[in-house]
Amino acid sequence: MRPLQISAETAQKLAQALDVPIEQVMHLPQHILIQKLVEIERKEADESKK
């Protein structure tokens, strides 16, 4: 499986949010990565509304 085509900033944000090494984020299956991105965006949107 080849690494995901995401920006370094996105990879760092995901690694921090998921509390995993950045190398692990780069090798997540794409469908899981998208699901995690959606969860993070929803959480940030909820926090910004408060």
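This write-up is about the structure you can find in this document. (Residues numbered from 1 in each chain as written. Predicted model: local features only at pLDDT ≥ 70, side-chain atom pairs only at ≥ 80, totals over all residues. Heavy atoms only, no water.)

**Some details on the overall build of the chain**
Threshold: Here a helix means four or more residues in a row that DSSP labels H or I, a strand means two or more in a row labelled E, and each is numbered from the N terminus. Partly exposed describes any residue whose relative accessible area lies between the buried limit of under 20% and the exposed limit of over 50%, with all areas from a 1.4 Å probe on protein chains only and scaled to the type maximum. Contact definition: two residues touch when any of their heavy atoms are within 4.5 Å. All accessibility values rest on the Shrake-Rupley procedure with a 1.4 Å probe; residue burial counts only the protein chains present in the view. When charges are counted, Lys and Arg contribute as positive and Asp and Glu as negative, whereas His and the chain ends are disregarded. Each charge is placed at NZ for Lys, CZ for Arg, CG for Asp and CD for Glu.
Scanning the chain from terminus to terminus reveals 3 helices and 0 strands. Scanning the chain from its N terminus toward the C terminus, one meets helices and strands in the order α-α-α. Counting only C-alpha atoms and orienting by the principal axes, one finds that the chain spans roughly 40 × 20 × 15 Å. Burial analysis of the chain (50 residues in total) assigns 18% to the buried set. The contacts of the chain with a sequence gap of at least 6 include a subset with a gap of at least 24, amounting to 39%. On the chain, roughly 4,100 Å² of surface is accessible, and the fraction owed to carbon and sulfur atoms is 51%. Across the chain, the mean location of the 7 positive side-chain charges is 5 Å away from that of the 8 negative side-chain charges.

**Quick word on the nonpolar core**
Filter applied, for reference: Take the buried Ala, Val, Leu, Ile, Met, Phe, Trp, Tyr and Cys residues and link them wherever side-chain atoms come within 4.5 Å; each set so joined is a nonpolar core.
In terms of nonpolar packing, the biggest core is built from 6 residues, these being Leu4, Leu14, Ala15, Val25, Leu33 and Ile40. Listing elements by their share of this core, those giving two or more residues are helix H1 (8–18) and helix H3 (30–49). For Leu4, the contacting residues outside a window of four places in its chain are Val25, Met26, Leu28, Gln30 and Leu33.

**A short note on the pattern of salt bridges**
Keep this limit in mind: Here a salt bridge means any side-chain nitrogen of Lys or Arg lying within 4 Å of a carboxyl oxygen belonging to Asp or Glu.
As enumerated under the stated definition, the model contains 2 salt bridges in all. As a salt-bridge pair, Lys13 and Glu44 come within 3.3 Å of each other at their nearest N and O atoms. Within this pair, whereas Lys13 is found in helix H1, its partner Glu44 is found in helix H3, the two being separated by 31 residues in sequence. On the basis of relative accessibility, which here comes to 34%, the residue Glu44 falls in the partly exposed class. A network of salt bridges, in which partner residues are shared, links Lys13, Glu41 and Glu44.

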